[in-house]
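A structural walkthrough
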Amino acid sequence: MTQEQSRGEPESAHSDTPGAPDAAPPPGRRDDAQGGDIHMEARLAKLERLRERGIDPYPRRVIRTQTAAEARALFEADPESGSRVAVAGRIMTIRGMGRLTFATLRDGSGEIQVSFTRDRLGQEVYQDLRNLDLGDFLGVEGALFATRAGEITVQAETCAMLAKALRPPPDKWHGLRDVEQRYRQRYLDLLANEDAREIFRARSIVVSAIRRFMEDRGFIEAETPILVPLAAGAMAAPFRTLHNALHRELFLRIATELNLKKLLVGGFERVFEIGRIFRNEGIDAAHNPEFTTMESYEAYASYHDVMEMVETLTHHVCLLVRGESTVSYGGQAIDLTPPWQRLSLIDAIKEWSGIDLLDSRARSADGLRAAVRDAGLAPAENSSWPQMVDKLIGELVEPRLIQPTFLTDYPVEMTPLAKTTERDPRLVERFEGFIGGMEIANSFTELNDPLEQAARLRAQEANRQQFTTEDFDRLDEDFITAVEHGMPPAGGLGLGIDRLVMILTGQTTIREVVLFPQLRAPE
RNA sequence: GGCCCGCUAGCUCAAUUUGGCAGAGCAGCUGACUCUUAAUCAGCGGGUUCCAGGUUCGAGUCCUGGGCGGGUCACCA
């Protein structure tokens, strides 16, 4: 290292060996589960040696005038100029050959090779290179040149330790494979695996593209409470928590729906929220207990308008992320170009199960249960009518909807917040959007009749009593009061961001698109 | 919760079939080397084989129980 330091003992002539290694900590082996081992001891010894040489391993100031990518571009623009640059990054590889050493630095823009020679740096500083390890952050200043092999390289004239790493990076060749460790220590995954970096870059693009798309359409973004006195607006079990000062039980929201609708009452005509919601249920390839949705509400629109918006938005985001309209998912080519297929739920179930949900025999829970059994499924003994419809959709319909499809017009029993259709009061104006056999969107023409809304939610409460499950919505009096003040007709939407990112990045488990997915507690 | 698979050096993996001294590459340490890029070459150190029992002369390997992870089914938007 150069800069201000380098007043050590002149090294004994022949050996390039720096300080004696016997100053290392006691050799007792330990392993604190993270590599508190020989590697860490060696690095701590090097850290100490740097300090003895008067070098701060964690300096406050950094001189960087180019990113790695900028430095390379500079050289490519004019290979003869010998431009001087100052780059900084993490040491990914280092190769010493006597009095010449090459290292590869990586920063946020990419990688660049740097070279050190004893001739240029002097013996003392060159010796200090022995205190470098993979993973350390280093700053290098010098002229650009191309090696015989053509690699653009910074010929170091000075170099400075920017941050010493005490633990080694993942295997530089194999990367990090252990799935659990990839999730628990995502930073190592990002460090080692370009694929992982790409997924989360794509996710960032998706979120920002959705936000811009909505803003361009005149929607304003809202942030509504996550801690709520009643978890309503969807059918799911909530997480509970306790507010100490209020001595009150609170819940984590399971949807942003009801508060956003209150904003419609308040006069905002187009609102959306991108945020985390929480559902206390099982964890699998398609479910993480906390996940991100974009919900939007548009006054004077219907679910037909929302359908158009969803297909346009999804296609737009796909183009931005992938540069084309198609994605490959689970070995199938999927084309997101609008318009997407529209399919009535009643027709879909009739076609794939033979059951006509509007037929009088299928209207009762017992009648439907018999029909579902005839269709080869095994509904639970006391399952409710909506639960069995849900099962039919999940087992027979959803897996077939690989190409983007809107499933439309659901039974009123399973959708308390949507307006009924004009031609059939047993159905509501609702659609769900499916891609790759996975639900990614849910939308209604919102129910704005306060009396009917209250009655429908009371029916949900009654069902929850009868079936003692969480599969029914709750009656939120504050929400009813708001609707009683008058809510404009509106089209609403819930879009699953995580699943959309899965589709767009070709991932088949949600954990690959959530930075820190929920896992069981260690130990 | 049921079933299946996995857990071996810091990392990635062998050895498990047929019970018989637990190995390699990378990383680490020592040395050589001025154009490497998974640098190379020589040498060295490094293991509670996830845990606890059991069978056996002998267990990484077989048996039982447990832990953690993954997959799948069930549950669940």
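Look up a bit, the structure's there.
Residues numbered from 1 in each chain as written. Chains lettered and ligands numbered in written order. Predicted model: local features only at pLDDT ≥ 70, side-chain atom pairs only at ≥ 80, totals over all residues. Heavy atoms only, no water.

Quick notes on the environment of Ile-283
- Along the polypeptide, Ile-283 turns up in the loop between β10 (270–278) and β11 (290–299).
- Residues Ile-283 and Lys-164 lie 119 residues apart in sequence; the distance between their C-alpha atoms is 38 Å.
- Beyond its immediate stretch of four places on either side in the chain, Ile-283 contacts Pro-289, Arg-511 and Gln-518. (Helix = DSSP H or I, 4+ residues; strand = E, 2+ residues; numbered from the N terminus. Contact = heavy atoms within 4.5 Å.)

Considering the sheet that holds strand β9 (residues 248–252)
- Spatially, the 3 strands line up as an open sheet ordered β7-β9-β8, and their pairing is antiparallel. The open sheet has two edge strands with one neighbour each: β7 (227–228) and β8 (240–243).
- Where β7 lies against β9, 2 bridges are found, and the strand directions are antiparallel. For Val-228, the partnering residue across the bridge sits in β9 and is Phe-251. (Pairing = 2+ DSSP bridges.)

With respect to the packing of aromatic side chains
- This structure, assessed with the given rule, holds 3 aromatic pairs.
- Between Trp-340 and Phe-406, the ring centres sit 5.0 Å apart and the planes meet at 25°, which makes this aromatic pair stacked. Here Trp-340, found in the loop between β13 (332–335) and β14 (341–344), pairs with Phe-406, found in strand β15 (residues 405–411); they are 66 residues apart in sequence, far enough to count as distant. Note on accessibility: Trp-340 and Phe-406 belong to one class, buried.
- Each ring, one from Phe-406 and one from Phe-431, has its centre 4.8 Å from the other, and the planes form 70°; the classification is edge-to-face. Of the two residues, Phe-406 is situated in strand β15 and Phe-431 in strand β16 (residues 427–435); the sequence distance between them amounts to 25 residues.
- Assessed through its relative accessible area of 0%, Phe-406 is described here as buried.
- On the accessibility criterion, Phe-431 (0% relative accessible area) is buried. (Phe/Tyr/Trp six-rings, centres within 6.5 Å; stacked < 30°, edge-to-face > 60°. Buried < 20%, exposed > 50% of the residue type's maximum accessible area, 1.4 Å probe, protein only.)

Some points on the environment of Ile-503
- Within the secondary structure, Ile-503 sits in helix α15 (residues 497–505).
- Residue classification places Ile-503 among the buried residues on the basis of a relative accessible area of 0%.
- Each C-alpha atom of the pair Ile-503 and Leu-457 lies 34 Å from the other, and the pair is 46 residues apart in sequence.
- What Ile-503 contacts, discounting residues up to four positions off in sequence, is Val-327, Tyr-329, Ile-435, Gly-436 and Met-438.

Structural notes on helix α12 (residues 385–397)
- For α12, spanning 13 residues, the distance from its first C-alpha to its last is 17 Å, which sits close to the expected 18 Å at 1.5 Å a residue.
- Here α12 has its buried residues at Trp-385, Pro-386, Met-388, Val-389, Leu-392, Ile-393, Leu-396 and Val-397. Down the axis of α12, the buried set is contained in an arc of 160°. They therefore lie on one face.
- On its buried side, α12 packs onto α10 (345–353), α11 (365–374) and β15. (Expected span 1.5 Å × (residues − 1). Arc of directions from axis to C-beta.)

Quick notes on the sheet that holds β16
- Strand order in the open sheet formed by 8 strands is β6-β10-β11-β18-β17-β16-β15-β14, and the pairing between neighbours is mixed. Either end of the sheet is taken by a strand with one partner, and the two such strands are β6 (220–221) and β14.
- The pairing of β16 with strand β17 (residues 438–445) spans 6 bridges and is antiparallel. Across the sheet, residue Gly-433 finds its bridge partner in β17, namely Ala-441.
- Contacts from helix α7 (residues 194–216) reach β6, β10, β11 and β18 (490–496) within the one sheet, and its direction differs from that of β10 by about 150°. (Axes fitted to C-alpha atoms, helices over the stretch in contact; angles between N-to-C directions.)

Notes on helix α8 (residues 257–265)
- Among all positions of α8, only Glu-257, Leu-258, Leu-260, Lys-261 and Leu-264 are buried. One side of α8 carries all its buried residues, which in axial view fall inside an arc of 160°.
- Elements that come into contact with the buried residues of α8 comprise β10, β11, β17, α14 (477–484) and β18.
- Two residues or fewer past α8, Gly-267 is found with a positive phi of approximately 110°.

Some remarks on the pattern of salt bridges
- Tallied over the entire structure, the rule returns 35 salt bridges.
- In this structure, Glu-273 engages Arg-253 in a salt bridge whose closest nitrogen and oxygen atoms are separated by 2.9 Å. One end of the pair, Glu-273, is in strand β10; the other, Arg-253, is in the loop between β9 and α8, with 20 residues separating them in the sequence.
- Given the relative accessible area of 3%, Arg-253 is considered buried.
- Residue Arg-322 pairs with Glu-324 through a salt bridge whose shortest N-O separation is 3.0 Å.
- Take Arg-322: its relative accessible area is 34%, and that puts it in the partly exposed class.
- Salt bridges sharing partners connect three or more residues here, namely Lys-46, Asp-133, Asp-136 and Lys-164. (Salt bridge = Lys/Arg side-chain N within 4 Å of Asp/Glu carboxyl O.)

Section: the pairing of strand β1 (residues 84–97)
- Pairing between β1 and strand β4 (residues 137–146): 7 bridges, direction antiparallel. What sits directly across from Arg-84, in β4, is Ala-143.
- Here 7 bridges tie β1 to strand β2 (residues 100–107), and the two strands are oriented antiparallel to one another. Considered in β2, the bridge of Ile-91 is made with Leu-105.

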